[in-house]
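Given next are the chains, with one letter for each unit.
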Amino acid sequence: MKILSFHIYGFGKWKDYSLSLAEQPMNIIIGNNEAGKSTIQQFILFILFGLPPKKREFFQPKTGGTVGGRLVLETKDYGEVVVERIHDRNQAEAVCWLANGEKYEETFLRKLLGGLSRSVYQSIYSFNAEDLNDLQQLTGQELGEVLLNIGLTGSDQIYQTEKFLEKELEQQFKPKGKKPKLNQELQSLDKLSTQRSEVEKNVGDYQKVVEKINQLNQDSVELDELMEKKRLMYYSYSQIKKAIPIVQEYHHVKNKDNFDFSFSFPMNAREEMRQFQEKILPLESEQRSIEEARREKSEHLSLIKQEQQSFSEEDIHEILNHQPTYEQSSLEYQRLKKQLEHTGRELKSELSNLDIPIDEDSLMDYDFPFYLEETWRSLNEEIRQLNQEESQRIDEENILKQQYQQTERQISDLEKQTIGDDEASENSELIDRYIHSNNDSHQQKEVPNYWNKPYLIITLVVMAGMLLSILTSNIFPVSLAIFTSIGVISYFYSKSPSYKQGEAPISDNQRTITKEMYTKARQLLQQYEQAKGELAYLREYKKELDQKDSRIMQQKKKINESKKRLDEIVQEQYRLYPFLKAIKVVHWEKLYHLLKQLKDKQRVVQSNRDEMDTLEKRMVEIENLIVRFFDKQDWKNTEELTNDKFLKISDFYHRQSKLQEEQGHLNQELSILNDQKERVKEKVQPVQMMKDQLLQSVEATDVEQFYSKLDRHEEIKERQKQESTLKSQIHMMLSKKEQEMFNVWSVSPNESEISFQLEKQEQDIQQVNLEQKDLQQERANYSHKKDQLESSDHLSSLNHQYELDRAQFNEQAKEWATYKIALDVLEKTKEIYQNNYLPHVLEVAKQYFRKITLGKYVNLYLDPLHQKIMVKDCNEYHYTTEELSRGTADQLYISLRLALAKTLSSDFAVPFLVDDAFVHFDEARLSIMLEIFNELSSSNQILLFTWRKDLLTKIDRPYAKSFQLNEG
């Protein structure tokens, strides 16, 4: 399943907001804190699973409006499904629409989600940074158990439930404990039982009184049963006394004499005989009317036969069927004739306007295929492109020539302005002698070291300037580097010891080298070094210009070859279409369209001519058909118009068809009358036959005898009905047992005997009632005695407290048993999950954990003895989860969650919701997590909510797309 888009009507801060997700399997939704990322995630969960009313009200928009929206899902079995859920509509249940318009309810959505609940979905397919924060609050041992449960179900709910049950069981009962509730209750009950037994020993008659009361209670029950039997018997006699008049009447009706008919009357026999009598007279009248109508129709039919003529209906149909064709062909012929004349004039005029050496006949010989337009367009485009390249090459060649001449002049000027190598060597020696003459031995060691640094800087600056000039083809960088070098030399010279000591006295053996000589030599040497660097750059630049010139010459050669190839193509077109020689290539494409239009018109002209010939042949054939028909009918073949002949044939045919139609109608009416005659006859026969059968069924010879027997039969039926009614009344008043007891169906009961038995039963009831009163008095006496024995406050309070404590203990014991059963079922379920699919989850989690930890941890497995997840690192050391760092535990938690999701997605895939779950990961582990999500996206759609705008740069773009939430 995949989410294609969603529209929020109103949910939290969002109102009337829509977002269409990308086709890529991973969608990154970016927004700052408080931008509404988590609200969108809650909205998706609300549409899929709903929310209780109170929680729905929490997401009510502040600006008003209803809570709700819709999701557009893509499913494997149903295609696109639109799911809508609104807070105040349909009790906030989802409504689903398919692409074909079918509508389904909440149960259909549950089916789409594979029966997932919200809690299960969130524990497997949705997690965020808060899950990791909760993990930080656990101790080492708790962490190990939680991670094991995460591997089983994706959440810590099993762990939390198990701890709750164990805590409740320990608080309720311990086999050897004293503080748990059940242990204290047992101790209290034992103490109360002991105290009660001691008190009861002091009450000797108490047990006998209790036994006597129990016996009296049993006697009372037996008397109650006897009283019930007597009352039932009394009721039976009362009922039979009430039913005596009805029973006596039943026997009176039953014993009357009945006629013994050897036949049975049909139901509604009287009504049937009346209907038979009513049907016969109308049928006889109808027979006479039919016979009169048959005579009139036969006379009219003989007149029509005299007026009819023989003709070939096939020939007339053939001619009349051709009439529309003839008329249409005639009109079409005239239209084509006018169109042919008009099109011919246009074709000649347009050929003349083209002003090319081609006429109408030669145009017919040429063929202009569909690809010719593209050929001429490409040829024109290539020639235009080639001319542009040629013009650009000439411009580049001229610029290169100017740059080359300028470089030659700069080299010549520098060579003239600077000193030679020999003179530079002499100046360098002069500077050295001057420096040595003005410093002692210590200064002589420092001076070279002082100048090493500036020379190194100068060299680097000049080299950098030359490199930039080569790359940018501009002399400005190297010029700037030279001037910068001169400034550096001047600065260091002014700071040098030799400069500062320049006013020192000169020794007698060096008085020939003055300071002015030294300064001039240093300036000339600096100019020499600067010019030397510029000359080196210019010579390199000159070599680069030579290389550019070589490339331009190669380009020129390539252009010439292209010109030659295009010229060959043009010549080939001249050979195929000689008229193109009179037109420039740039106009060929437009000429193609004009010639194509003329060619189409030429085809239209030829098509019109062919169609006119066909129409003319068709019209002649139809005229010959008319002539042959006239000859067959011996009609005079005059010079009438063909349309008039069509009219004459049509009138003749219509008249004959009308006569033939009237003849058919008359024959049909005669046939109908004959059928009516037979039908009336058939109607009379069965009525008479049924009347005779009815008379025979009652052995009557005529209608009068029939009615006499029928009266006697109805009298017997009425008596039988009365007997049945009396039976029903007896059944309603007496039960089946009472009917058998009093034998009501055989003899009529004796009323005096019944009255006697009724009085006897009444006396018996009174006697039993007196016995019950005596028994009640005796039981009351013993009960009073028992109450006196129990009136001792100590025994009464002990009994009361004992019963209360025992009831409380039973309730607590039931609660303890419930918790115990739940814990056993939970442990059994965990064992089944561990054996069935936890190994596969750990195998997948191992791969993820190895990636996230950059290969530091290589294996995960379950310790069957201690039921804990163990971790092995790359050095073959084994760790429990308690021994892992918090960061590593977080990574293990995420690996288990992802592994469980991937395992379940093999059968059923739903979108994965992730909300800034990796904010604390470093860049390396974050990249690995994104790779894992990229892998998961092959089976599950991923919706990643984050504040980081750079995540998309870390993911393979074809598989992901980002969306920026608008905070406004």
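Residues numbered from 1 in each chain as written. Predicted model: local features only at pLDDT ≥ 70, side-chain atom pairs only at ≥ 80, totals over all residues. Heavy atoms only, no water.

Per an unreviewed UniProt entry, the protein chain goes by AAA family ATPase and derives from Halobacillus seohaensis.

To summarise the sheet geometry, strands pair through backbone hydrogen bonds and adopt either a parallel or an antiparallel arrangement. If you walk across this open sheet you meet the three strands as 9-10-11, and the pairing is antiparallel. Looking along the sheet, the strands with just one partner apiece sit at the ends: strand 9 (857-863) and strand 11 (878-880). Taken over all neighbouring pairs, the strand axes of this sheet differ in orientation by 30° on average, direction set aside. One ladder, built from six bridges, connects strand 9 with strand 10 (residues 868-873); its direction is antiparallel. Paired with N859 across the bridge in strand 10 is K872. (Pairing = 2+ DSSP bridges. Helix = DSSP H or I, 4+ residues; strand = E, 2+ residues; numbered from the N terminus. Axes fitted to C-alpha atoms, helices over the stretch in contact; angles between N-to-C directions.)

Per the UniProt entry, the sites bearing "coiled-coil region" (unreviewed entry) are residues 283-353, 387-417, 528-572, 598-625, 663-723 and 758-792 in this numbering. Annotation note: span residues 387-417, helix share 100%, strand share 0%, distance between end C-alpha atoms 45 Å. Helix makes up 100% of residues 598-625 and strand 0%, with an end-to-end C-alpha separation of 41 Å. (UniProt positions renumbered as here; feature names shortened; annotations may be inferred.)

Per the counting criterion, the structure on display carries 27 salt bridges. Ionic pairing is found between E106 and R110, a salt bridge with its closest N-O pair at 2.3 Å. In this pair, E106 and R110 both sit in helix 3 (residues 106-112), four residues apart, roughly one turn of the helix. Note on R110: relative accessible area 24%, which makes it partly exposed. In this structure, E373 and R377 form a salt bridge, with 2.9 Å as the shortest nitrogen-oxygen distance. Highlighted residues: E373 and R377, both in helix 13 (residues 370-417), separated by four residues, approximately one helical turn. (Salt bridge = Lys/Arg side-chain N within 4 Å of Asp/Glu carboxyl O. Buried < 20%, exposed > 50% of the residue type's maximum accessible area, 1.4 Å probe, protein only.)

I40, I44, L71, L898, F912 and F933 are the most contacted members of the largest nonpolar core, which has 84 residues in total. Core analysis: the second largest hydrophobic core is formed by 25 residues, L354, I358, W588 and L595 among them. (Core = buried A, V, L, I, M, F, W, Y, C linked by side-chain atoms within 4.5 Å.)

So, about the pairing of strand 12 (residues 912-915). Burial along strand 12 is two-sided: F912 and V914 facing one way and L913 and D915 facing the other are all buried. Bridge count between strand 8 (residues 126-128) and strand 12: three bridges; the pairing is parallel. Across the sheet, the residue bridging to N128 is D915, located in strand 12. Where strand 12 lies against strand 13 (residues 942-946), four bridges are found, and the strand directions are parallel.

A few words on the sheet that holds strand 8. With parallel pairing, the five strands of this open sheet are ordered in space as 8-12-13-3-14. Among the strands making up the open sheet, the edge pair consists of strand 8 and strand 14 (960-964). Strand-to-strand twist across the sheet, computed as the mean angle between neighbouring axes with direction ignored, equals 15°. Relative to strand 14, strand 3 (residues 26-30) is paired through five bridges, and the arrangement is parallel. Counted as the bridge partner of I30 is Q964 from strand 14. In the packing of helix 4 (residues 118-125) onto the sheet, contacts are made with strand 8 and strand 12, and the angle to strand 8 comes to roughly 60°. (Contact = heavy atoms within 4.5 Å.)

Two quantities define a packed helix pair, namely the angle between the axes and the distance from one axis to the other. The contact between helix 13 and helix 18 (residues 515-576) brings their axes to 8 Å, and the two run at 160°. Our classification of the angle between helix 13 and helix 18 gives roughly antiparallel. Both helix 13 and helix 18 take part in a crossing whose hand is left-handed. Tallied by class, the residues present in the contact of helix 13 with helix 18 amount to 19 nonpolar, seven polar and 17 charged. (Parallel < 35°, antiparallel > 145°, perpendicular 65-115°, else oblique. Left-handed = near helix turned anticlockwise from the far one by under 90°. Nonpolar A, V, L, I, M, F, W, Y, C, P; charged D, E, K, R; others polar.)

This part is about the pairing of strand 2 (residues 14-20). Bridging between strand 1 (residues 2-11) and strand 2 involves six bridges; their strand directions are antiparallel. Residue pairing across strands places G10 opposite K15, the latter belonging to strand 2. Adjacent in sequence and paired antiparallel, strand 1 and strand 2 are bridged by two residues, among which G12 carries a positive phi angle near 65°.

Averaged over all residues, the pLDDT of the protein chain equals 78, while 82% of them reach at least 70. Within the model, the stretch residues 150-155 combines pLDDT values under 50 with 27 contacts to residues more than four positions away or in other chains. (pLDDT = per-residue confidence, 0-100.)

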